[in-house]
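Examination of the molecular architecture
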Amino acid sequence: MEQRLMKPMDKRWWLVRFAAFGLSVAWLIGGAEKFFANDARDGAAATREDDDAQSVAAIREHYTKYEYRIVMRDGAKLFTAVYVPKDASPARTYPLLIERTPYSIGPYGPDNYPKHLGP
């Protein structure tokens, strides 16, 4: 069986070239969309980081953080972070919110505040 090479004047040659050109253009457009989508995601990530920094600053402004190790009956010590409103006083009281989890309650350290408080 003899293999026939396509010549420039053959209809199939033009069809293959046109299809290849179309796929190339589609690939370029798709790549451009992904490129610009990544830029938008990078911008969203930067915005999210700014929002996180603002919420941490707001928590730091309104609450004082204390860290304790509370001893249980069996001798286990549970690490506990307590956030007290800065304007709390005997005349101005707030309800108590306890959130227990077997997982991390980071960020650890009295000067490190989380991005949000509460459930």
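Quick look at the side chain of Lys65
Mapped onto the elements of the fold, Lys65 is located in strand β1 (residues 63-71). Classification of Lys65 by relative accessible area gives buried; the value is 5%. Engagement of the side chain of Lys65 in a polar contact is seen with the side chain of Glu67, the distance being 3.4 Å. Within the local environment of Lys65, its side chain forms a polar contact with the backbone oxygen of Gly109, the two atoms lying 3.0 Å apart. With residues near it in sequence (within four places) discarded, Lys65 still touches Ala81, Val82, Tyr83, Pro107, Tyr108, Gly109, Pro110, Asn112 and Tyr113.

Some details on the pairing of strand β2 (residues 77-85)
A regular strand places its side chains so that they alternate between the two faces of the sheet. Where β1 and β2 come together, 9 bridges link them in antiparallel fashion. Following the sheet pairing, Tyr68 is matched in β2 by Thr80. Where β1 folds back on β2, the antiparallel hairpin that results is connected by 5 residues, among which Gly75 adopts a positive phi of roughly 95°.

Focus on a nonpolar patch on the surface
A surface patch of nonpolar side chains, about 430 Å² in accessible area, is lined by Tyr66, Tyr68, Ile70, Met72 and Leu78. Among the elements that line the nonpolar patch, the one with the most residues is β1, at 3 residues. Relative to the helices and strands, Leu78 is located in strand β2.

Remarks on the packing of aromatic side chains
The tally for this structure, following the rule as stated, stands at 3 aromatic pairs. The interplanar angle of 25° and the centroid separation of 6.5 Å between the aromatic rings of Tyr66 and Tyr68 together place this pair among those described as stacked. Residue class for Tyr66 comes out partly exposed when judged on its relative accessible area of 38%. With relative accessibility at 44%, the residue Tyr68 sits in the partly exposed group. When the ring of Phe79 is compared with that of Tyr108, the centres are 5.1 Å apart and the planes differ by 70°; the resulting orientation is edge-to-face. Of this pair, Phe79 sits in strand β2 while Tyr108 sits in the segment after β2, placing them 29 residues apart in sequence.

Topic: the side chain of Thr80
Within the secondary structure layout, Thr80 lies in strand β2. Beyond its immediate stretch of four places on either side in the chain, Thr80 contacts Tyr66, Glu67, Tyr68, Ile70, Arg100 and Ile105.

Cut-offs and rules
- Sequence order sets the numbering: in each chain, residues are counted from 1 along the sequence as written.
- Totals for whole chains, interfaces and linings use all residues, but because this is a predicted model, local features are given only for residues with pLDDT of at least 70 and pairs of side-chain atoms are given and counted only at 80 or more.
- Calculated side-chain values reflect all of the structure's heavy atoms, with hydrogen atoms and water omitted.
- Strands here mean DSSP runs of E at least two residues long; helices mean DSSP runs of H or I at least four residues long; both are numbered from the N terminus.
- Three exposure classes are used, based on accessible area relative to the maximum for each residue type with a 1.4 Å probe and protein chains only: buried under 20%, partly exposed in between, and exposed over 50%.
- Two N or O atoms form a polar contact when they lie within 3.5 Å of each other; inside protein one atom must be a possible hydrogen donor and the other a possible acceptor, and for residues adjacent in sequence the pair counts only when both atoms belong to side chains.
- Contacts are assigned to residue pairs that have any heavy atoms within 4.5 Å of one another.
- Between any two strands, pairing holds if DSSP finds at least two bridges.
- Patches here: salt-bridge-free residues with over 30% relative accessible area, like charges joined within 9 Å, nonpolar side chains (Val, Leu, Ile, Met, Phe, Trp, Tyr) joined within 5 Å.
- All accessible-area figures derive from a Shrake-Rupley calculation using a 1.4 Å probe, and residue coverage is judged against the displayed protein chains alone.
- Each reported salt bridge corresponds to a side-chain nitrogen of Lys or Arg within 4 Å of a carboxyl oxygen of Asp or Glu.
- Any two of the Phe, Tyr and Trp rings considered here, Trp counted by its six-membered ring, make a pair once their centres fall within 6.5 Å; the pair's planes then place it as stacked at under 30 degrees, edge-to-face at over 60, or tilted in between.

All we've got here are geometric facts, nothing functional implied.
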